[in-house]
Amino acid sequence: MPQDNSTSKVSRWDQHGREHVVRVQRTGVQRTIKCDTCGWRKGAQFLPWLKAEEHLAEAHQATVDPAATRQPSR
């Protein structure tokens, strides 16, 4: 059976305008989340993106979603 490997990321900005990124890596049914800023890492079977957002908010006070601040193009 082939392995399904993929990586996505959750990024948030802190109050100083710095970007913090947590990557979610999927290998089959296993998911690992890892913070690019501090090296924190955790296995997460359920809701890895929510756990990534929680880490960014608690550890780095990074709560501003860059996707929410973009203006739609005309």
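Treat the numbers as computed from the prediction; the structure is a model and nothing was measured. (Residues numbered from 1 in each chain as written. Predicted model: local features only at pLDDT ≥ 70, side-chain atom pairs only at ≥ 80, totals over all residues. Heavy atoms only, no water.)

Caption draft 1: Spotlight on the pairing of strand E1 (residues 5–13). Bridge count between E1 and strand E2 (residues 19–27): 9 bridges; the pairing is antiparallel. Within the sheet, the bridge partner assigned to serine 8 lies in E2 and is valine 24. In sequence, E1 turns back onto E2 through a hairpin of 5 residues, with glycine 17 there showing a positive phi of about 85°. (Pairing = 2+ DSSP bridges. Helix = DSSP H or I, 4+ residues; strand = E, 2+ residues; numbered from the N terminus.)

Caption draft 2: Here's a closer look at the environment of glutamine 15. Note that glutamine 15 resides in the loop between E1 and E2. Sequence separation between glutamine 15 and threonine 63 is 48 residues; the distance between their C-alpha atoms is 8.2 Å.

Caption draft 3: Structural detail: the side chain of histidine 20. Counting through the fold element by element, histidine 20 comes out in strand E2. Classification of histidine 20 by relative accessible area gives buried; the value is 8%. One polar contact links histidine 20 to aspartate 14, side chain to side chain, over a distance of 3.0 Å. (Buried < 20%, exposed > 50% of the residue type's maximum accessible area, 1.4 Å probe, protein only. Polar contact = N/O pair within 3.5 Å; in protein donor to acceptor, adjacent residues only side chain to side chain.)

Caption draft 4: Expanded view of the environment of glutamine 25. Along the chain, glutamine 25 falls in strand E2. The class of glutamine 25 is partly exposed, set by a relative accessible area of 43%. Sequence-wise, glutamine 25 and asparagine 5 are 20 residues apart; in three dimensions their C-alpha atoms are separated by 7.4 Å.

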